[in-house]
Amino acid sequence: MLFRSNPGNVSPALWDKLFPFQRRTVSSIVRRYRGRCLMAHDMGLGKSVQAIALMQHFGSPVLVLCPASLRKQWRGALERWLGAWGSRARIISWDALHAQGLSGRTAATAFECCIGDEAHFIKDATSRRAKAALPVLQWVPKVLLLTGTPAPNRPIELWPLLHALRPHAMLSFRAFAERYCGGRDTRFGFVARGATRRGELAEWLDRGFMLRRTQADVGLGLPPLHQHVLKVRLPDAECVRLHELEEALEDAAAEQKMTLISRLFAETARAKRSAAAKAMLQERRDDAPLVVFCHHRCMSDHLRAEAEKAGLRVGVLDGRASQARKHAVAKLVENFDVDVALLSFVAASVGFNLTRANRVLFAELYWVPAVLDQAQRSEEHTSE
């Protein structure tokens, strides 16, 4: 019963609405991690409401750091769960923090607790975001970092998050990189792009820094995930053009490779957009909107044109969309007011949950596997 009991100060109205695994998480962060923890739960497990319970336990004033696109969402969640108490929280975007004039010592006296949502935004220790956030996070008494993707690309991205939580218990950047990331000196400088001693790192994270739960761990009774791959046969002319680009990439100088890779990525989208449109029309059903993820504008524009030609209602979210448009598209999908939702990986990668949609088509794949996983899980059940 230790990890199921209310740790104190959390209102019964909020505590009683938490799932058992959420109560265990709140109690564990209070008692085991002493209020400084990286909550790396899967998307859809209610990280926000657990954070709200913890901020109420630790007391106000509270600082919430989040992407600018999530400020309105956080304000709404605080009002929903805490009423007037939620007005004690100050919400600042990661990018705006540097202009607030908050030093570590100032933050330590101004706030009892800090919530850092989408904490992987400070994965680069040399970025302006990280340089502004780390002193604040290190000095505020209680800190909870939230992200479903603590290291989107490689283990070295964990270092700023861990250093923010326990700076005195952390290895230096170089020592961490050498031990866990294959860090070494090269003629181009120090690089740390690998992953070494994975088991040791996982144990170390679990013991003092990070609490992670997957949807399989908590047993919410979700239906199994089914995936299948649609193979595309390209016209000979398209194959020849892509092959020529691949050959050019092999012979290119190092400084030209990234440009050629991006071009090859775009040409691949162009080559298969007709096949993707055909799959979209075949996969669409009347029982729920079909969510289609893509990256390039040539793909999304073509899919939109084909869907509208077929008389379908279409919602589009890409890099041109405002934050208001983002919420509008989500509402359209939730209310079944669209037949197809065309979403950009980048535009829909943060703070975009669709609990009513259960079928996803990836018209393209993205560079980062964690982004694909996040996109896929944005259509699953959310416990908030």
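Residues numbered from 1 in each chain as written. Predicted model: local features only at pLDDT ≥ 70, side-chain atom pairs only at ≥ 80, totals over all residues. Heavy atoms only, no water.

**Describing the pattern of salt bridges**
Following the criterion strictly, the structure yields 16 salt bridges and no others. In this structure, the salt-bridge partner of Lys309 is Glu306, at a minimum N-O distance of 3.3 Å. Of this pair, Lys309 and Glu306 both sit in helix α13 (residues 297-309), separated by 3 residues, roughly a single helical turn. Assessed through its relative accessible area of 22%, Glu306 is described here as partly exposed. Two residues, Asp339 and Arg313, come together in a salt bridge whose shortest N-O distance is 3.2 Å. A residue pair is termed long-range when its members are at least 10 positions apart, and Asp339 in the loop between α14 (323-334) and β11 (340-344) and Arg313 in the loop between α13 and β10 (314-317) qualify at 26 residues. Through salt bridges with shared partners, a single ionic network connects Glu238, Arg241, Glu267 and Arg270. (Salt bridge = Lys/Arg side-chain N within 4 Å of Asp/Glu carboxyl O. Helix = DSSP H or I, 4+ residues; strand = E, 2+ residues; numbered from the N terminus. Buried < 20%, exposed > 50% of the residue type's maximum accessible area, 1.4 Å probe, protein only.)

**A look at the sheet that holds strand β5 (residues 142-146)**
Two modes of strand pairing occur in sheets, parallel and antiparallel, and in both the strands are linked by backbone hydrogen bonds. In spatial order, the strands read β3-β2-β4-β5-β1-β8; together these 6 strands make up an open sheet with parallel pairing. Looking at which strands have only one partner, the edges of the open sheet turn out to be β3 (89-93) and β8 (210-211). Across 5 bridges, strand β2 (residues 62-66) lies against β3 in parallel orientation. Residue pairing across strands places Leu65 opposite Ile92, the latter belonging to β3. Running at roughly 165° to β3, helix α4 (residues 71-82) makes contact with β2, β3, β4 (113-117) and β5 of the sheet. (Pairing = 2+ DSSP bridges. Contact = heavy atoms within 4.5 Å. Axes fitted to C-alpha atoms, helices over the stretch in contact; angles between N-to-C directions.)

**Quick notes on the nonpolar core**
Leu63, Leu65, Leu137, Leu145, Leu162, Phe176 and Trp204 are the most contacted members of the largest nonpolar core, which totals 41 residues. Counting residues per element, the ones that place at least two in this core are β2, α6 (128-139), β5, α7 (159-165), α8 (173-180) and α9 (198-208). When residues of this core are assigned to their parent elements, the largest contribution, 6 residues, is made by α6. Those residues in contact with Leu137 that sit more than four places away from it in its chain are Arg36, Leu65, Trp94, Cys114, Ile122, Val143, Leu145 and Ala164. Counting residues in hydrophobic clusters, the runner-up holds 34 residues, among them Val49, Leu54, Leu78 and Ile115. (Core = buried A, V, L, I, M, F, W, Y, C linked by side-chain atoms within 4.5 Å.)

**Re the sheet that holds β10**
An order of β10-β11-β9-β12 is seen for the 4 strands of this open sheet, with the pairing classed as parallel. Of all the strands in the sheet, just β10 and β12 (360-362) have a single pairing partner and so form its edges. Neighbour-to-neighbour, the strand axes of the sheet open up by a mean angle of 20°, direction not taken into account. With 5 bridges connecting them, strand β9 (residues 290-294) and β11 associate as parallel partners. Considered in β11, the bridge of Leu290 is made with Val340. Packed on one face of the sheet, α13 meets β9, β10 and β11 and runs near 170° to β10.

**Observations regarding the confidence of the model for the protein chain**
Of the residues in the protein chain, 89% reach a pLDDT of 70 or more, and the chain-wide mean stands at 85. Here residues 379-384 is a poorly scored stretch, pLDDT under 50, and it has 28 contacts once near neighbours within four places are set aside; other chains count. (pLDDT = per-residue confidence, 0-100.)

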